[in-house]
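Architecture at a glance
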Amino acid sequence: MRTALPGFVAATLFAAAAYAQDDMSKVEIQTEKLSDHVYMMIGAGGNLGVSVGDDGVFLIDSQFAALTPKIQAAIAKLSAKPVRFMLNTHWHFDHTGGNENLGKAGAVIVAQENVRKRLSSEGFIAFLGMKTQPSPAIALPIVTFTRDASFHLNGEDIRAAHAPNAHTDGDTVVQFTKSNVIHMGDTFFNGLYPFIDTSSGGSVAGVLAAADRGLKTAGDNTKIIPGHGPLATKADLKAYRDMLAAVAAAVASQIKQGKKLEEVVASKPTAKLDAAWGKGFLAPDKFVEMLYGNLKK
Ligand SMILES: [Zn+2]
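The paragraphs below set out a description of the structure included in this document. Keep in mind that this is a model prediction, so the values were computed, not measured. (Residues numbered from 1 in each chain as written. Predicted model: local features only at pLDDT ≥ 70, side-chain atom pairs only at ≥ 80, totals over all residues. Heavy atoms only, no water.)

Take the coordination of the zinc ion next. Of the protein atoms, only His90 (NE2), His92 (ND1), His167 (NE2) and Asp186 (OD) coordinate the zinc ion, at distances of 2.2 Å. The site at the zinc ion holds four donor atoms, and with the angles between them running 84 to 175°, its shape is irregular. Here the donor residues of the zinc ion are spaced in sequence according to H-x1-H-x74-H-x18-D. Of the two residues, His90 and His92, both sit in the buried class. (Donors = N, O, S within 2.8 Å, 3.2 Å for Na, K, Ca; no water. Tetrahedral: all angles 85-135°; square planar, octahedral: opposite > 155°, others 65-115°. Buried < 20%, exposed > 50% of the residue type's maximum accessible area, 1.4 Å probe, protein only.)

To continue, consider the pattern of salt bridges. Tallied over the entire structure, the rule returns seven salt bridges. As a salt-bridge pair, Arg159 and Asp157 come within 3.9 Å of each other at their nearest N and O atoms. On the accessibility criterion, Arg159 (41% relative accessible area) is partly exposed. The residue Lys268 makes a salt bridge to Asp285 at a minimum N-O spacing of 3.6 Å. Pair noted here: Lys268 is in the loop between α9 (261–266) and α10 (274–277) and Asp285 is in helix α11 (residues 284–295), with a separation of 17 residues, a long-range link. The partly exposed category is assigned to Lys268, whose relative accessible area is 47%. (Salt bridge = Lys/Arg side-chain N within 4 Å of Asp/Glu carboxyl O. Helix = DSSP H or I, 4+ residues; strand = E, 2+ residues; numbered from the N terminus.)

Once that is clear, we can look at the environment of Asn101. Assignment of secondary structure puts Asn101 in helix α5 (residues 99–104). According to the relative accessible area criterion, Asn101 is partly exposed, its value standing at 28%. If sequence neighbours within four positions are ignored, Asn101 has contacts with Ala65 and Thr68. Here Thr68 takes part through its side chain, which lies 2.8 Å from a polar atom of the side chain of Asn101. (Contact = heavy atoms within 4.5 Å. Polar contact = N/O pair within 3.5 Å; in protein donor to acceptor, adjacent residues only side chain to side chain.)

Below you can see the structure in the form of structure tokens.
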């Protein structure tokens with residue numbers, strides 16, 4: 001499916017890779033070891049979390065369909081077992097694109113119930129002007145939960161907890177309790193201005209709440225997998241939380257004063273932060289526009 005996307009999105013947000021299979025041929029899956037059996041994988045789209053061991057492979061997210069063979073090959077280097085469970089952190093296409101392939105390969109797909117609802121029907125991401133088609137049944141989560149779920153696999157408890165109305169209305173944050181690893185899904189963009197999908201039930205307050213919960217759970221040695229961006233520490237998550245809170249407060253106060261979108265954007269409330277956060281994902285003006293649209297509600 002090709003959709004007319006605003007230029008900035010096509011160029012930067014999910015990269016042309018989402019739409020051009022050619023680009024996927026150049027993507028390499030990079031594997032980073034986080035504990036004796038938990039790994040982070042970076043390819044295109046959302047970062048993956050992987051647990052391997054005697055009980056089988058537990059995978060977080062599936063990136064894009066075209067990458068499934070590469071992801072399977074990267075996992076095969078760590079374990080001879082197939083993917084037993086695959087948990088989606090939320091419904092967005094750059095995290096669920098490989099669902100159909102993995103479902104066909106026998107993985108049990110698990111997610112918060114709103115992920116199944118959104119994948120089952122036609123979707124619309126308003127800020128991107130992007131329509132999505134319902135997923136085939138094999139690509140849908142067949143196990144859903146409302147608030148939380150625990151997996152007892154590979155020698156540890158893996159806790160999946162719903163982060164309500166954060167990046168979307170179906171975000172899950174996953175904690176590997178023994179490995180001391182947390183996967184934040186898209187409630188955390190490390191070093192990048194985040195996208196918050198208002199039309200999918202996302203909110204600034206929910207993202208801040210998810211970050212606060214992550215900060216409470218994490219210790220100084222916890223390895224934190226963000227939805228996008230490199231592997232993070234608790235300090236990185238704190239910096240992200242503080243950046244988002246500061247810009248949102250500045251935008252909210254201008255909304256209170258009755259300022260129009262153009263005026264708020266022109267005031268450049270992110271000016272001091274752009275060098276650190278504004279490179280390559282959401283451009284600063286678009287980030288402010290997105291916050292304005294969310295906070296105005
Ligand atoms: Zn997302």
